[in-house]
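# Observations on the model geometry
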Amino acid sequence: MVTRLPTHLEVGGILRRAQAEGGSATVRSRGERDAGTLLILTMERGGNARLWERMPQLDGGRSFQAIMDEDAEKPNKIHEYVTRRAAQDADCWIIELDIDGADRFVASLPG
């Protein structure tokens, strides 16, 4: 059995790392302190928004997968989803990162 890092500690580490790499990072919604779900909204210089959620893998691991990309025809799509998700799931953490190489950054996060 794999022991998970409490979500609030994981969030703090992600925020500090993003800032250390020259990005900006903020918590949009705080969830359950120890075992909350974590969504990451990434942008690069305010554009190219992508939403990530950690998903179980066949090998038993858990890695972040992109679940939604910015849509030019529906510019509020991600914002509306995030707002709805936060309202429906009080345990859910949502953090926003604006960082160069966002895909690389998220891929490097431990699963």
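Up top is the structure these notes are about.
Residues numbered from 1 in each chain as written. Predicted model: local features only at pLDDT ≥ 70, side-chain atom pairs only at ≥ 80, totals over all residues. Heavy atoms only, no water.

### Observations regarding the pattern of salt bridges
Within this structure, the stated rule accounts for eight salt bridges. A salt bridge links Arg-54 to Glu-10, with the nearest nitrogen and oxygen atoms 2.5 Å apart. Note that Arg-54 is positioned in strand β3 (residues 47-56) and Glu-10 in helix α1 (residues 7-20), a separation of 44 residues in sequence. With respect to burial, Arg-54 and Glu-10 carry one shared label: buried. (Salt bridge = Lys/Arg side-chain N within 4 Å of Asp/Glu carboxyl O. Helix = DSSP H or I, 4+ residues; strand = E, 2+ residues; numbered from the N terminus. Buried < 20%, exposed > 50% of the residue type's maximum accessible area, 1.4 Å probe, protein only.)

### Brief notes about the pairing of strand β4 (residues 62-69)
Direction of pairing for β3 relative to β4: antiparallel, over a ladder of seven bridges. Bridge pairing in β4 links Met-55 to Ser-63. Between β3 and β4, which pair antiparallel and follow one another directly, the connecting turn spans five residues, one of which, Gly-60, has a positive phi of 95°. (Pairing = 2+ DSSP bridges.)

### Things to note about the nonpolar core
Counting residues in each nonpolar core, the largest one holds 17 residues, and the members touching the most others are Ile-14, Leu-38, Ile-40, Leu-97 and Phe-105. Counting only elements with at least two residues in this core, the list comes to α1, β2 (38-44), β5 (93-98) and α3 (102-107). With four residues, the top contributor of residues to this core is α1. Look past the residues within four positions of Leu-38 in its chain and what remains in contact with it is Glu-10, Val-11, Ile-14, Trp-52, Glu-53, Arg-54, Phe-64, Trp-93 and Ile-95. Ranked by size, the runner-up nonpolar core spans eleven residues in total, among them Leu-39, Leu-41, Leu-51 and Cys-92. (Core = buried A, V, L, I, M, F, W, Y, C linked by side-chain atoms within 4.5 Å. Contact = heavy atoms within 4.5 Å.)

### Examining the sheet that holds strand β1 (residues 24-29)
Spatially, five strands are ordered β1-β5-β2-β3-β4 in an open sheet, and the strand pairing comes out mixed. Two strands close off the open sheet at either side, each with one partner strand: β1 and β4. Geometrically, the sheet is characterised by an average inter-axis angle of 25° between neighbouring strands, direction not taken into account. Pairing of β2 with β5, which is carried by six bridges, proceeds in the parallel orientation. By the bridge assignment, Thr-42 is partnered in β5 with Leu-97. Against the sheet, α1 makes contact with β1, β2, β3, β4 and β5, and its axis sits at roughly 5° relative to β5, the strand it touches most. Against the sheet, helix α2 (residues 77-88) touches β1, β2, β3, β4 and β5, its axis set at about 40° to β3. (Axes fitted to C-alpha atoms, helices over the stretch in contact; angles between N-to-C directions.)

### What to know about unusual backbone geometry
With the exception of glycine, most residues fall at negative phi, and the peptide bonds are largely trans. In the Ramachandran plot, Arg-45 falls in the positive-phi region, its phi being about 55° despite a non-glycine side chain. Turning to its location among the elements, Arg-45 is positioned in the loop between β2 and β3. A positive phi angle is found at Asn-48, which is not glycine, with a value near 55°. Mapped onto the fold, Asn-48 is located in strand β3. For Asn-48, a relative accessible area of 57% puts it in the exposed group.

### Overview of α1
Its 14 residues place the ends of α1 20 Å apart at the C-alpha level, agreeing with the 20 Å of an ideal helix rising 1.5 Å per residue. Every buried residue belonging to α1 is among Thr-7, Glu-10, Val-11, Gly-12, Ile-14, Leu-15 and Ala-18, and all of these are buried. At its buried positions, α1 is contacted by β1, β2, β3, β4, β5 and α3. Residue Gly-22 follows α1 closely and has a positive phi angle near 90°. (Expected span 1.5 Å × (residues − 1).)

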